[in-house]
Amino acid sequence: MTDLNDLIRPDRGQEAVAIHLITKAGFEDFAKGLSTGQRASLTGQKFEGGPGSVGIVPDGEGFFAIGGVADPENLGSYCLAALANKLPEGTYRLVDAQPGAAAFGWLTAHYRFTRYKADDNAIGPRILLTEQVGRLPGYVAEASAEMLVRDLVNTPAEDMGPAALEDEFQKLAKDYSADFKVTRGDDLEQGYPMVHAVGRAADRKHAPRIMHLQWGQEDAPVLAIVGKGVCFDSGGLDIKPAAGMRLMKKDMGGAAHAIALAGLVMGAGLKVRLHLLVPAVENAISGPAFRPGDVLPSRKGLTVEIHNTDAEGRLILGDALTRASEENPELIIDFATLTGAARVALGPDYAALMARRDETADALVEAGRGVDDQPWRLPLPDAYREYLNSDIADLVNAHSNPYAGASVAGLFLDRFVDEGIDWVHFDTFAWRPFPKPGRSKGGTAYGLRAAWHMLKARFGS
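Below: a short report on this structure. (Residues numbered from 1 in each chain as written. Predicted model: local features only at pLDDT ≥ 70, side-chain atom pairs only at ≥ 80, totals over all residues. Heavy atoms only, no water.)

### Topic: helix H13 (residues 358-370)
Move 1: In a regular helix each residue adds 1.5 Å, so 13 residues correspond to 18 Å; H13 covers 18 Å between its end C-alpha atoms and thus fits that length.
Move 2: Looking at H13, one finds that the buried residues are Thr 360, Ala 361, Leu 364, Val 365, Ala 367 and Gly 368. Projected onto a plane normal to the axis of H13, the buried residues spread over an arc of 165° and lie on a single side. Turned more than 90 degrees from where H13 packs its buried face, Glu 359, Asp 362, Glu 366 and Gly 370 sit exposed. (Helix = DSSP H or I, 4+ residues; strand = E, 2+ residues; numbered from the N terminus. Expected span 1.5 Å × (residues − 1). Buried < 20%, exposed > 50% of the residue type's maximum accessible area, 1.4 Å probe, protein only. Arc of directions from axis to C-beta.)

As structure tokens, then:
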């Protein structure tokens, strides 16, 4: 893929194709200034000026472009993405406008996943010029983080197992001179017993582990980021049907979000002491698989009765959140593809957000709204804590009634975060079933930019 730094460039007056941004209401007046042939060309393209529409207008030996937007003076993240998708290779300049936030969608529109199949029909780079030179590194960093999530989630489980996630940690540690530790084998069984139990049935090359990266000044506020790294989820002995298993390569989507967010934090030099924790497992079926009815110990000392082996993500997160709490963090953020209930409630376009503190939840929703990545808050109601009661252990991992599945999963995680800690949980889908301009079908990030912009506002750089 073309280097993202080459796709948005400083405007130094170089030759470029003009892009006119218009509204549907303003198209008729704009068209009055065109020749008969130019109007006929737009009629043939069925261009009417609606948001996301693209027109290419012949002009002498060249052409200019028209893009329909809702408000040319307030461009959102994806207002230019359709243009970046449809225009031919070349260099472009907006007329009487700057890309602003829409630079993000211009960049992400270039994304293609080509690890296993070349895109023989790919259009060459569409380069956009801007006078907002100081914003270029931020545009590129956020788009790169989004594309990293897409790449990790799109990669099949055979090539994106626990060892591959460990490789991503190694890259981060090298790039940012961070401390890195991986725990596996007997040490994992002793220190993180639920992570070990969930992953112990996998093949040796996909053996379970937990990765822990530390970065930043030791006297800075502690920020812990945790991601669910179930690299493939068969459901375990409570096996999923074939249709439910088809997309389970994406069950490490929480880990992908956590890794990408940590990269943004370190790349910007945020004034925090960062702890990035990802438990990585494959929930497989073999002789050592954990069973319905088993009672598992946990790092926190709580015992958990297994009602369903397909509710495994919350188990590995429980141990990881316990470890994060031991650092007395100012804030913990976790990401997980945790429940189908969140998708039933919110559909594929919103990350479910649960938080202990209203002010933190409000800051995340507001930050997300500003960058077209708004999460939707779900409750953590005390009335539903009884759904986790067990007859023989401290709690169960899954309740038997059909109600409030996402919130009850959040309440399970809440038991493993020390009281008083500001904690946020994203139940994210990490997958886009249908493409939109700038947002390809397949792996995608939900809640990542909301979290990043909230963290920038809270901790500075």
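### So, the pattern of salt bridges
Move 1: Inspection of the entire model under this criterion finds 30 salt bridges.
Move 2: Between Asp 294 and Arg 291 there is a salt bridge, with its nearest N and O atoms 3.2 Å apart.
Move 3: Take Arg 291: its relative accessible area is 41%, and that puts it in the partly exposed class.
Move 4: Taking the shortest distance from any N to any O, the salt bridge between Arg 323 and Glu 326 comes out at 3.6 Å.
Move 5: A residue is classified by how much of its surface remains accessible, and Arg 323, at 13% relative accessible area, is buried. (Salt bridge = Lys/Arg side-chain N within 4 Å of Asp/Glu carboxyl O.)

### Focus on the sheet that holds strand S12 (residues 295-296)
Move 1: Strand order in the open sheet made by the three strands is S12-S13-S17, with mixed pairing throughout. Edge positions in the sheet fall to S12 and strand S17 (395-396), since each has one partner strand and no second.
Move 2: Summarising the sheet, strand S13 (residues 304-305) and S17 pair through two bridges and their orientation is parallel. Considered in S17, the bridge of Val 304 is made with Leu 395. (Pairing = 2+ DSSP bridges.)

### With respect to the side chain of Ser 298
Move 1: Summarising the element assignment, Ser 298 is placed in the loop between S12 and S13.
Move 2: The class of Ser 298 is buried, set by a relative accessible area of 9%.
Move 3: The contacts of Ser 298, once residues within four sequence positions are left out, are Pro 193, Met 194, Asp 319 and Phe 416. (Contact = heavy atoms within 4.5 Å.)

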